[in-house]
Amino acid sequence: MRHFSFSGFIPVLLAMLLVGGSADISAFAQNRAEADTASVQPADSLDTLFAELKRERDERQAKRISERIWAEWRDSGSATANLLMQWADKAVTDKKNSLALDLLDQVVVLMPDYAEGWNRRATLNYAMGNHDKSMADISRVLALEPRHFGAISGMAAIMAAAGNDELEFKAWEQMLEIYPANRQAQERLGELADKLSGSRI
């Protein structure tokens, strides 16, 4: 983080999941690995978009900028990883979470510096109720891309589920440093500020 480091309050993280994808998926990834030499994220473009996002105060305009950032994040620069991500999305839609997890395991092994692969797996782990594993993946996302407001909101959701108001507050506070016009963060931060001030009286 530029202004706040989550390393001070991330709980002890579980070890990363071992790769367990099917033989077919593994073979596919291996056969295509040599084609995956493209840069993962175009830093100049993202830096410009984040600067715009930080300046923008109109909610709708900020959302448009955030969607452009998401588009940058989604493109891994690898045809293989992009295809595996598409398959994982389809598996989630079809409620085949175990298959989706196998596919995302392959993505993070194939491209360990691709932040969105880790973020997608964090989201799936959260949806499956595996909050410790989700937090481990979020930690990896933020190590690669400290401005990943999607991962920060995921962290806030985990802190909320754990009933840790102070750490949830810090997460939303960091979200607003990056994305000041985010309505969800604004509203939740206000609610938590009231709750925390009341608890200290």
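Residues numbered from 1 in each chain as written. Predicted model: local features only at pLDDT ≥ 70, side-chain atom pairs only at ≥ 80, totals over all residues. Heavy atoms only, no water.

A word on the overall build of the protein
Where we set the bar: Numbering of helices and strands runs from the N terminus, with a helix taken as a DSSP run of H or I at least four residues long and a strand as a DSSP run of E at least two residues long. Only heavy atoms enter the contact rule, under which two residues are in contact if any of them lie within 4.5 Å.
What the protein contains, in helices and strands, is ten helices and zero strands. The order of helices and strands in the protein, counted from the N terminus, is α-α-α-α-α-α-α-α-α-α. Across the protein, the fraction of contacts at a sequence separation of at least 24, relative to all contacts at a separation of at least 6, is 64%.

Quick word on the environment of Arg60
Relative to the elements of secondary structure, Arg60 occurs in helix α3 (residues 59–74). Separated by 121 residues in the primary sequence, Arg60 and Ala181 have C-alpha atoms spaced 8.6 Å apart.

Looking at the packing of α3 against helix α6 (residues 115–127)
To be explicit about the condition: The axes are straight lines fitted to the C-alpha atoms, using for helices just the contacting stretch, and the angles between their N-to-C directions are given from 0 to 180°. Note that the term roughly parallel is reserved for angles under 35 degrees, roughly antiparallel for angles over 145, roughly perpendicular for angles of 65 to 115, and oblique for everything else. Three residue categories are used. Nonpolar comprises Ala, Val, Leu, Ile, Met, Phe, Trp, Tyr, Cys and Pro, charged comprises Asp, Glu, Lys and Arg, and polar comprises the others, including Gly.
Interhelical geometry of α3 versus α6 gives an angle of 100° and a closest axis separation of 8 Å. The angle between α3 and α6 falls in the class roughly perpendicular. Facing α3, whose interface residues are Trp70, Trp73 and Arg74, α6 presents Glu116, Asn119 and Arg120. For the contact of α3 with α6, the class distribution of residues is two nonpolar, one polar and three charged.

Quick notes on the packing of aromatic side chains
As a reminder, the rule being used: A pair of Phe, Tyr and Trp rings is counted when the ring centres sit within 6.5 Å of each other, with Trp represented by its six-membered ring. The angle between the planes then sorts it: under 30 degrees is stacked, over 60 is edge-to-face, the rest tilted. When accessible area is computed with a 1.4 Å probe and restricted to protein chains, residues below 20% of their type maximum are described as buried, those above 50% as exposed, and intermediate ones as partly exposed.
Inspection of the entire model under this criterion finds six aromatic pairs. Between Phe149 and Tyr179 the ring centres are 5.3 Å apart and the planes differ by 70°, which places this aromatic pair in the edge-to-face class. Of this pair, Phe149 sits in helix α8 (residues 149–161) while Tyr179 is found in the loop between α9 (165–178) and α10 (183–199), placing the two residues 30 residues apart along the sequence. Take Tyr179: its relative accessible area is 6%, and that puts it in the buried class. Ring pairs connect the aromatic residues Phe50, Trp70, Trp73, Phe149 and Tyr179, which therefore count as one cluster.

Limitation: the analysis is restricted to geometry and does not speak to function.
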